[in-house]
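Residue-level structure breakdown
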Amino acid sequence: MKQQFRLRQFGRKHPVGVYRFLLLSFLAFLLSQLMEPLPPTGEAPDWGRRAEMAAVLLLSPLLNLELLIERERLRHMTRELGVGPEAMGSSLDYA
């Protein structure tokens, strides 16, 4: 996971870049902790699995919302063009 937040990508020559890197690293750690607490035995956690869990939990609702918005946009466009289910004589509502 730490390879995704490389220091050189955030302007390591500037203090703001270093602070940004530290903040993003800390946020990534907090998100992984929210997914699953660290094992008490001192064994190394599986950071990749934790990152996947966080991504699924946080990005799935956003993806669903984006798909619903796109569906509504296409629905309005087909109604305007007259090629939607209503234009074909279907009384089904696909909402």
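Going by the structure above, here's the rest.
All values reported here derive from a predicted model rather than from experimental measurement.

1. Describing the side chain of Arg 50
Its place among the elements puts Arg 50 in helix 2 (residues 47-81). If we ignore the near neighbours within four places in the chain, the residues touching Arg 50 are Ser 32, Gln 33, Met 35, Glu 36, Pro 37, Leu 38, Pro 39 and Pro 45.

2. A closer look at the packing of helix 1 (residues 15-35) against helix 2
Taken N-terminus to C-terminus, the directions of helix 1 and helix 2 make an angle of 85°; their axes are 9 Å apart at the nearest point. Classified by the angle between their axes, helix 1 and helix 2 sit roughly perpendicular to one another. Together, Phe 29, Leu 31, Ser 32, Gln 33 and Met 35 of helix 1 and Trp 47, Arg 50, Met 53, Ala 54, Leu 57 and Leu 58 of helix 2 make up the contact between the two elements. Class assignment for the residues of the contact of helix 1 with helix 2 results in eight nonpolar, two polar and one charged.

3. With respect to the pattern of salt bridges
Summed over all chains, the structure comprises four salt bridges. Residue Asp 46 pairs with Arg 49 through a salt bridge whose shortest N-O separation is 3.8 Å. Exposure remark for Asp 46: the relative accessible area of 42% places this residue in the partly exposed category. Overall, Arg 49 belongs to the partly exposed group, its relative accessible area being 36%. The partner of Glu 72 in a salt bridge is Arg 75, and the shortest N-O contact between them spans 2.9 Å. Of this pair, Glu 72 and Arg 75 both sit in helix 2, three residues apart, which is roughly one turn of that helix. Judged by its relative accessible area of 28%, Glu 72 falls in the partly exposed class. Residue classification places Arg 75 among the buried residues on the basis of a relative accessible area of 19%. Salt bridges sharing common partners tie together Arg 71, Glu 72 and Arg 75.

4. Remarks on a nonpolar patch on the surface
On the surface, Leu 23, Phe 26, Leu 27, Phe 29, Leu 30, Leu 38 and Trp 47 cluster together into a nonpolar patch covering about 610 Å² of accessible area. The biggest single contributor to the nonpolar patch is helix 1, with five residues. With respect to the helices and strands, Leu 30 occurs in helix 1.

Parameters at a glance
- Residues numbered from 1 in each chain as written.
- Predicted model: local features only at pLDDT ≥ 70, side-chain atom pairs only at ≥ 80, totals over all residues.
- Heavy atoms only, no water.
- Helix = DSSP H or I, 4+ residues; strand = E, 2+ residues; numbered from the N terminus.
- Contact = heavy atoms within 4.5 Å.
- Axes fitted to C-alpha atoms, helices over the stretch in contact; angles between N-to-C directions.
- Parallel < 35°, antiparallel > 145°, perpendicular 65-115°, else oblique.
- Nonpolar A, V, L, I, M, F, W, Y, C, P; charged D, E, K, R; others polar.
- Salt bridge = Lys/Arg side-chain N within 4 Å of Asp/Glu carboxyl O.
- Buried < 20%, exposed > 50% of the residue type's maximum accessible area, 1.4 Å probe, protein only.
- Patch = residues over 30% accessible without salt bridge, like charges linked within 9 Å, V, L, I, M, F, W, Y side chains within 5 Å.
- Areas by Shrake-Rupley, 256 points an atom, 1.4 Å probe, with all protein chains shown as cover.

Coordinates in, geometry out; function isn't part of it.
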